[in-house]
Amino acid sequence: MSRRKFLKNLGALGAGTVLTPLAAKLHSPSLLSPKKNHPIVISTWIHGMAANAGAWEILGTSGDALDAVQKGVAVTESDLTNRSVGLGGRPDRDGYVTLDACIMDHDSRCGSVAFLEDIQHPIDVARAIMDKTQHVMLVGEGAQKWALENGFPKVDYEVPFEEVQKEYEEWLIKSEYETDVNVENHDTIGMLAMDANGRIAGACTTSGMAYKIRGRVGDSPIIGAGLFIDGDVGGATATGVGEAIIRTAGASAVVESMRRGASPEEACYDIVQRLLKKHRGVEGMQVGFLAMNMQGEYGGYSVYNGFNYALRTQDRNEMVDSKYTRTWD
Ligand code: ASP
């Protein structure tokens, strides 16, 4: 090949791109997924088992990853015994349950809703915002107004549930804000799925930290913090103390580590170490990450022991304990 023709070919790949023989090989999309590790779905905590089953109804019949994650986390939102997701969640310190959720696909399309009240499925609102508007995120009163106008019914109740109300009243006596998020059946659901066609998507939904200041929004509806997907690289989601996850752009940082070559578990480990460095001296701050790359490889890592996630593939349907740096005393 003449030097002129060679340079012209390189130009077609974009200015400054110089491909080594190996990189040139990897540029061929057919070589990018040597192992078929999908469909696959992973999601945070024990409530992820039922959520994965919901997602699998779509993934197992060659459906779309985006529809699967929406349907999957909606299962958790419907479970009114869950105290950290959906309308069964613990209230803010003024006694109101406020919900945060977001969803994202392999094409970087995303939708998000925060500080939403009295709507059963914030994840469906997030998806509708993504599909029907030019925006990514709606919050509070405006988000509720938009949801009602777009056919989402209002669920009306004054006090959530007797048990939740009782706990809240007990909490009010001392009014101590707890960030221990390791209690069973207590936490955000973040889900990552890859469908049979190799498309990846993620969803995240929560009622947030119990007894938060009214108006507080955590990481869960923030694209790049509680959830991030890049169809060239993979995806990540987070659970735990949302402020720490926002400060470190957690899910986005995990995806960027994978882009630089880290495995999903290594990428989660890296962000946990960074997060600890940025919060030197802070004790009892649990944060957990999950990640998946475009080969359908997955992994998780958390600050403290106790974080686990639900895994569903053709062959497996089980909980996996994540590795961690610290142990609770
Ligand atoms: N990340 C959530 C938040 O800060 C809390 C959680 O995962 O339970 O709102």
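None of these values were measured; they are calculated from a predicted model.

Rules used in this analysis
Residues numbered from 1 in each chain as written. Predicted model: local features only at pLDDT ≥ 70, side-chain atom pairs only at ≥ 80, totals over all residues. Heavy atoms only, no water. Helix = DSSP H or I, 4+ residues; strand = E, 2+ residues; numbered from the N terminus. Buried < 20%, exposed > 50% of the residue type's maximum accessible area, 1.4 Å probe, protein only. Contact = heavy atoms within 4.5 Å. Areas by Shrake-Rupley, 256 points an atom, 1.4 Å probe, with all protein chains shown as cover. Patch = residues over 30% accessible without salt bridge, like charges linked within 9 Å, V, L, I, M, F, W, Y side chains within 5 Å. Salt bridge = Lys/Arg side-chain N within 4 Å of Asp/Glu carboxyl O. Lys, Arg positive; Asp, Glu negative; His and termini not counted. Charge placed at Lys NZ, Arg CZ, Asp CG, Glu CD. Axes fitted to C-alpha atoms, helices over the stretch in contact; angles between N-to-C directions. Parallel < 35°, antiparallel > 145°, perpendicular 65-115°, else oblique. Left-handed = near helix turned anticlockwise from the far one by under 90°. Nonpolar A, V, L, I, M, F, W, Y, C, P; charged D, E, K, R; others polar. Pairing = 2+ DSSP bridges.

On to the overall build of the chain, then. Of the regular secondary structure elements, the chain holds 10 helices and 13 strands. With 329 residues in all, the chain has 53% of them scored as buried. For the chain, the proportion of contacts with a sequence separation of at least 24, taken over those separated by at least 6, is 65%. Summing over all exposed atoms, the chain offers an accessible surface of approximately 15,200 Å²; the carbon and sulfur share of this is 51%.

With that settled, the discussion passes to a positive patch on the surface. Judged by side-chain charge, R260, R274, K277, K278 and R280 come together as a positively charged surface patch. Mapped onto the secondary structure, R260 falls in the loop between α9 (250–259) and α10 (264–278).

Once that is clear, we can look at the packing of α9 against α10. For the pair α9 and α10, interaxial distance at closest approach is 8 Å and the crossing angle is 130 degrees. For the element pair α9 / α10, the angle class is oblique. The handedness of the crossing between α9 and α10 comes out as right-handed. Contacts from G250, A253, V254, S257 and M258 in α9 reach P264, A267, C268, D270, I271 and R274 in α10. When its residues are assigned to classes, the contact of α9 with α10 shows 7 nonpolar, 2 polar and 2 charged.

Let us now look at the sheet that holds strand β7 (residues 227–230). Taken in spatial order, the 5 strands make up an open sheet running β7-β8-β9-β10-β13, and their pairing is mixed. Because the sheet does not close on itself, it has two edges, and the strands there are β7 and β13 (323–326). Each strand of the sheet is rotated relative to its neighbour by a mean of 15 degrees, with strand direction disregarded. Bridge count between strand β9 (residues 287–293) and strand β10 (residues 298–304): 5 bridges; the pairing is antiparallel.

For the bond running from H38 to P39, omega is 10 degrees, close enough to zero to count as cis. Structurally, the position occupied by P39 is in the loop between α2 (21–26) and β1 (40–44). The backbone phi angle of W45 is positive, close to 65 degrees, even though this residue is not glycine. Note on W45: relative accessible area 7%, which makes it buried. Phi is positive for S108, which is not a glycine, with a value near 65 degrees. Examined against the element boundaries, S108 turns out to sit in the loop between β2 (99–105) and β3 (110–116).

Moving on: the sheet that holds strand β5 (residues 189–194). Read from one edge of the open sheet, 8 strands run β4-β3-β2-β6-β5-β1-β11-β12, paired in mixed fashion. Each edge of the open sheet is held by one strand with a lone partner, namely β4 (137–139) and β12 (317–321). Direction aside, neighbouring strands of the sheet carry axes that sit 10 degrees apart on average. Direction of pairing for strand β11 (residues 308–312) relative to β12: antiparallel, over a ladder of 5 bridges. Each bridged residue has a counterpart across the sheet, and for L311 the counterpart in β12 is E318. Set on the sheet, helix α4 (residues 65–78) makes contact with β2, β5 and β6 (200–206); between it and β5 the angle comes to about 155 degrees. The sheet contacts of helix α6 (residues 140–149) involve β3 and β4, and relative to β4 the element is tilted by about 105 degrees.

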